[in-house]
Amino acid sequence: DQQVKQNSPSLSVQEGRISILNCDYTNSMFDYFLWYKKYPAEGPTFLISISSIKDKNEDGRFTVFLNKSAKHLSLHIVPSQPGDSAVYFCAASGWGSGTYKYIFGTGTRLKVLA
Amino acid sequence: EAQVTQNPRYLITVTGKKLTVTCSQNMNHEYMSWYRQDPGLGLRQIYYSMNVEVTDKGDVPEGYKVSRKEKRNFPLILESPSPNQTSLYFCASSFRGQDNEQFFGPGTRLTVL
């Protein structure tokens, strides 16, 4: 039962264009959402987050949008740069049934073409 | 430098031989966790710890043990490793569990023959 889904395993985008990475979740207990970036042979690093009380959070070239009714979030990267080529994981966290959950999606490999 | 360290980085072992992967953080974080990364499955949480002496199971705890005797350390123990535990393992920490970004270690690639 995959509670956090990233349905696109890979994405290719031209340098300078917008990259849009999508993530869907199934459990309403999640109230905080994060995006991480991972380069080969390194651990994931935090990119941007959003609380369930917001629908948008922006940090430089990165913007995360949250649609709670659709249980969907997306990460926009504008403009995309070759250095953005990496695997991106979305994560969802929250308390439910007395336990704390921090669930990652399966990742989307982004390739930005120069 | 603020960091999460893991040792060893690479390990090849045989079925049934007990092993420990160490994890240490120098940021005085309360929350620590272990994940495994497998192709097509993303990062799956094995165990987490909200604070010293407080641990709980994640989504895939079978075959693993953890302990949290000190705030900075959170070792992962495989009492009797099996080939299906061949994976890339990450330790992570955060100031608190919820609503916080996690800082990840560099990973430990484990192969169980």
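Provided above is the structure to which this section pertains.
The structure contained in this document is the topic of the report that follows. Residue indices follow the written sequence of each chain, beginning from 1 at its first position. Both sets of labels track the order of writing: A upward for chains, 1 upward for ligands. For a predicted model such as this one, the threshold for reporting local features is a pLDDT of at least 70, and the threshold for listing and counting side-chain atom pairs is 80 or more; totals across whole chains, interfaces and linings nevertheless cover every residue. Water and hydrogen atoms were dropped before computing side-chain values, which therefore reflect all heavy atoms in the structure.

1. Examining the side chain of A:Ser19
Residues and elements named next belong to chain A. Note the following rule: Only runs of H or I of at least four residues qualify as helices and only runs of E of at least two qualify as strands under DSSP, and these elements are numbered from the N terminus. Exposure is judged per residue with a 1.4 Å probe applied to protein chains only, and the accessible area is read against the type maximum: over 50% gives exposed, under 20% gives buried, and values in between give partly exposed. Contacts are assigned to residue pairs with any non-hydrogen atoms lying within 4.5 Å of each other.
Looking at where Ser 19 falls in the secondary structure, it is placed in strand β3 (residues 19-25). By relative accessible area, which is 0% here, Ser 19 ends up buried. Ser 19 has contacts with Val 13, Leu 75, His 76, Ile 77, Ser 80 and Leu 110, leaving out every residue within four places of it along the chain.

2. Quick look at the pairing of strand β1 (residues 4-7) of chain B
Residue and element names in this part refer to chain B. Rules: For two strands to be treated as a pair, DSSP must find at least two bridges joining them.
A one-sided burial pattern is seen for β1, the buried positions being Val 4 and Gln 6 and the unburied ones Thr 5 and Asn 7. Both β1 and strand β3 (residues 19-25) contribute to a ladder of 4 bridges, which runs antiparallel. Counterpart to Thr 5 in the pairing with β3 is Ser 24.

3. Considering the state of the cysteines
Put plainly, two cysteines are in a disulfide when a covalent bond ties their sulfur atoms together. The condition that has to hold: In what follows, a disulfide is any cysteine sulfur pair within 2.5 Å.
For the coordinates displayed, the defined rule picks out 2 disulfides over all chains. Paired by a disulfide, A:Cys23 and A:Cys90 hold their sulfur atoms 1.9 Å apart. Sign of the S-S torsion, about 65° for the bond between A:Cys23 and A:Cys90, identifies this disulfide as right-handed. Taken together, the residues A:Cys23 in strand β3 and A:Cys90 in strand β9 (residues 86-96) connect sequence positions 67 residues apart. Each of the two residues, A:Cys23 as well as A:Cys90, counts as buried. The residue that forms a disulfide with B:Cys23 is B:Cys91, at a sulfur-sulfur distance of 1.8 Å. Residues B:Cys23 and B:Cys91 are joined by a disulfide whose S-S torsion is about -70°; by sign, that bridge is left-handed. With B:Cys23 in strand β3 and B:Cys91 in strand β9 (residues 87-94), this pair connects stretches of sequence that are 68 residues apart. Take B:Cys23 and B:Cys91: they sit in the same class, and that class is buried.

4. Let's talk about the packing of aromatic side chains
Basically, it comes down to this: Two aromatic rings, drawn from Phe, Tyr or Trp (for Trp, its six-membered ring), form a pair once their centres lie within 6.5 Å of each other, and the interplanar angle then sorts them: stacked below 30 degrees, edge-to-face above 60, tilted otherwise.
One pass over the structure, following the stated rule, counts 17 aromatic pairs over all chains. Measuring from centroid to centroid gives 6.4 Å for A:Tyr100 and A:Tyr102, while their planes differ by 65°, and the two rings are edge-to-face. Accessibility expressed as a relative area gives 0% for A:Tyr102, which makes it buried. Taking 5.8 Å as the distance between ring centres and 85° as the angle between the ring planes, the aromatic pair formed by A:Tyr100 and B:Tyr31 counts as edge-to-face. One end of the pair, A:Tyr100, is in strand β10 (residues 99-104); the other, B:Tyr31, is in strand β4 (residues 31-38), on a second chain. Judged on exposure class, the residue A:Tyr100 and its partner B:Tyr31 are both buried. An aromatic cluster is built from A:Tyr36, A:Phe46, A:Phe89, A:Trp95, A:Tyr100, A:Tyr102, A:Phe104, B:Tyr31, B:Tyr35, B:Tyr48, B:Phe90 and B:Phe104, whose rings are joined through pairwise contacts.

5. Examining the sheet that holds strand β7 (residues 65-66) of chain B
Within the open sheet, the 4 strands sit side by side as β1-β3-β8-β7 (chain B). Their pairing is antiparallel. Single-partner strands in this sheet number two, and they are β1 and β7 of chain B.

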